[in-house]
Amino acid sequence: ADAVQHQLQLDIVSCNAAMMACKHSAWEVCQYLLHHSMARRQLTPSVVTLAQLVEAYGHGTRWAEALQSLQGAHRFSLQPDVVLVNATAT
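One structure accompanies this document, and this report is about it.

Calculation rules
Residues numbered from 1 in each chain as written. Predicted model: local features only at pLDDT ≥ 70, side-chain atom pairs only at ≥ 80, totals over all residues. Heavy atoms only, no water. Helix = DSSP H or I, 4+ residues; strand = E, 2+ residues; numbered from the N terminus. Buried < 20%, exposed > 50% of the residue type's maximum accessible area, 1.4 Å probe, protein only. Polar contact = N/O pair within 3.5 Å; in protein donor to acceptor, adjacent residues only side chain to side chain. Contact = heavy atoms within 4.5 Å.

### Notes on unusual backbone geometry
1) Next: Even without being a glycine, threonine 61 presents a positive backbone phi close to 50 degrees.
2) Next: With respect to the helices and strands, the residue threonine 61 is situated in the loop between helix H4 (47-59) and helix H5 (63-71).
3) Next: Its relative accessible area of 54% is what places threonine 61 among the exposed residues.
4) Next: Located in the positive-phi region is serine 77, a residue other than glycine, with phi close to 55 degrees.
5) Next: Residue class for serine 77 comes out exposed when judged on its relative accessible area of 69%.

### As for the side chain of threonine 49
1) Next: With respect to the element layout, threonine 49 can be found in helix H4.
2) Next: Classification of threonine 49 by relative accessible area gives buried; the value is 0%.
3) Next: At 2.5 Å, the side chain of threonine 49 and the side chain of asparagine 16 are in polar contact.
4) Next: Ignoring anything within four residues of it in the chain, the contact list for threonine 49 reads Ile12, Asn16, Met19, Leu34 and Met38.

So yeah, pure geometry; function would need other evidence.
Take a look at the structure:
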């Protein structure tokens, strides 16, 4: 919200960085970034984006959501790689 208020340009790198900063304590923020902020800006998530979300779910003990994110990678035409699968497993 602050970025929009200050008219900062958000891109996939800044969204991934924000998710990385929040993943240990705020899975809700990571979820919001992917499903609302990035979607509204028509940003396509990367494998890194999904891995950050999966790790955030894991830290929040949201195992079902973590698995759904792994399974949903195909929605974004992404192939789960070692990073994403490891994020799901941890």
